[in-house]
Amino acid sequence: MSQTTQFVPLVERLLSRPIVRSGSVAGYGAVFNAGLLHHDNRFHLFARSVRAGYRANSGPGPRFHDYISDILVFTSDDGQSYDFDYVFAAAGDNGVACYEDPRVQSVTSSENEHLVMTYTNLPPADAGMPWRIGAHRLRYVDGRFVFDETSGRLLGPDGVENKDAVVFNLSDGRVAMIHRVHPNMQLAVFDDLDHLWDADAEYWRLHLAELDNHTIIRPTPGALGVGAGAPPVETPHGLLLLFHERNCKGTYTMKAALLDPHTGAVVAQLEEPIMVPRLDWERWGDVEDVVFVQGVHRLGDGFLYIVYGAADSDVGAARIQENRLLEALLG
C-alpha cells in the first residue's frame, strides 16, 4: 500500500453556507450526515434529522437528552439549493428506535440493480443492546423513495457495536461491505446481495475470528478512529473511497483511499486529510470540528460532488477534481 504526505488535494466548498441548515424544517433541529442519490436528474439527500426539543446533558452519560433522529429527504436540481420534500423514515418505524447516518447505494446482484440504504440502527436507550448496521432495500413509488418493508435487516455479528457501512460491487460481481468495528474499518465479501442479507451466525463468527485479516484501514498513529464515508466510486484506477478519521484532538476530517476493484483491498491511501473543518458552521455546532462525508456523485465536468455533515448540525457541499485526487493517490 502506497502513502504520500507531500500533496494535499484542494477540496473546494461550493458555498460558504450550508446547503441544508439546522432548524430549516418545522419540528426538527439539527439536520446533517446525509446520504446522496442522483435520480431522474435530481439530487436526493437522505438526511439524519433530530426532532426538536433535545437538550444538552450537563452530567454523565449521553451528550444530549431526548435525542431522536428521523430521515428526511431534500431534493435539488443543481446540488446547491435544496427543498425539504418528505419524511422518509421516522424513529420507531420498523422496530428502529433511532435512525442515524444513512447511506444510499446502487448494487448489482443476480443481473438486477438494487437500491440499498444502510444506516446506524440505535436500539432503545434502556435496551442494553449495541448499535448495529440496519439495512433496507428501496423502491421508487409515485415520485418518492420508500422502504421495501419486508427487506429490513440487521447486518453484521450479533452483540457487537458496528456501524458506518457501505455496500458495493467488486469487479467479478460479488458484493462487499465495509463496516466499522471500532476503531478500524473492515471488509466483508459475499457471493451476492442475498448472501449479505442472510449471512448466518457462522459466517460472522469466522469473520470476527480473523478480524485483523479483514481490516483494511486503521487510524493513523494517535488518531481515535476511522469509518467509511460515501459508497466507493468506480474509476479506471480502482474504487475511490472517501472516509472520515477522528484525529487525536477529536476533529473529524475527510480522507481518501483507493481500493483494488477485484479484492477491495487498499492499494493507495493519502496520509493527510483532504478536508478539515474550517468554516464557522463546520467548527461550531452540536459537536465541534466535524466534516463527515456520506455522499459522492460524479459530475460531467471531471469533478466529484461531495455532501458532508458539518458540526453535527448542517449539511455542506463541496467538489474535488477526480483526476487530481487520483494522481495524488497514485503518487
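Refer to the structure printed above.
What comes next is a walk through the structure.

Two pairing modes exist for strands in a sheet, parallel and antiparallel, and in both the strands are linked by backbone hydrogen bonds. Read from one edge of the open sheet, four strands run 2-25-24-23, paired in antiparallel fashion. Two strands lie at the open edges of the sheet, namely strand 2 (12-13) and strand 23 (291-298), each paired on one side alone. Relative to strand 25 (residues 314-321), strand 2 runs antiparallel, the two being bridged by two bridges. Bridging across to strand 25, Arg 13 finds its partner in Ala 318. In this fold helix 5 (residues 322-330) packs onto strand 23, strand 24 (303-310) and strand 25, with an angle of close to 75° to the strand it touches most, strand 25.

A word on the environment of Thr 263. Structurally, the position occupied by Thr 263 is in the loop between strand 21 (252-259) and strand 22 (266-270). Separated by 87 residues in sequence, Thr 263 and Ala 176 place their C-alpha atoms 9.0 Å apart. If near-sequence neighbours (up to four positions away) are discounted, Thr 263 is found in contact with Leu 170 and Leu 187. A polar side-chain atom of Thr 263 sits 3.1 Å from the main-chain amide nitrogen of Ala 265.

So, about the pairing of strand 25. Where burial is concerned, most of strand 25 is hidden: six out of the eight residues are buried. Across eight bridges, the pairing between strand 24 and strand 25 is antiparallel. By the bridge assignment for strand 25, Tyr 308 is matched with Gly 316. Between strand 24 and strand 25, which pair antiparallel one after the other, the connecting turn spans three residues, and Ala 311 there sits at a positive phi close to 55°.

How each quantity is defined
Counting from 1, residues in each chain are numbered in the order their sequence is written. This being a predicted model, a pLDDT of at least 70 is required before a residue's local features are given, and a value of 80 or more before pairs of side-chain atoms are given or counted; all residues contribute to the totals for chains, interfaces and linings. To obtain the side-chain values, all non-hydrogen atoms of the structure were used and water was disregarded. Any two strands between which DSSP finds at least two bridges are classified as paired. Starting at the N terminus, helices and strands are each numbered in turn, a helix being any DSSP run of H or I of at least four residues and a strand any DSSP run of E of at least two. In this description, contact between two residues means that some pair of their heavy atoms is separated by no more than 4.5 Å. Lines fitted to the C-alpha atoms define the axes, with helices restricted to the stretch that makes contact. Angles between their N-to-C directions range from 0 to 180 degrees. In protein, a polar contact means a hydrogen-donor-capable atom and an acceptor-capable atom, both N or O and within 3.5 Å, with residues adjacent in sequence counting only if both atoms are side-chain atoms; elsewhere, any N or O pair within 3.5 Å suffices. Per-residue accessibility, obtained with a 1.4 Å probe over protein chains only, is compared with the maximum for each type, and a residue is labelled buried under 20%, exposed over 50%, and partly exposed between these values.

Shape descriptors only; they carry no functional weight alone.
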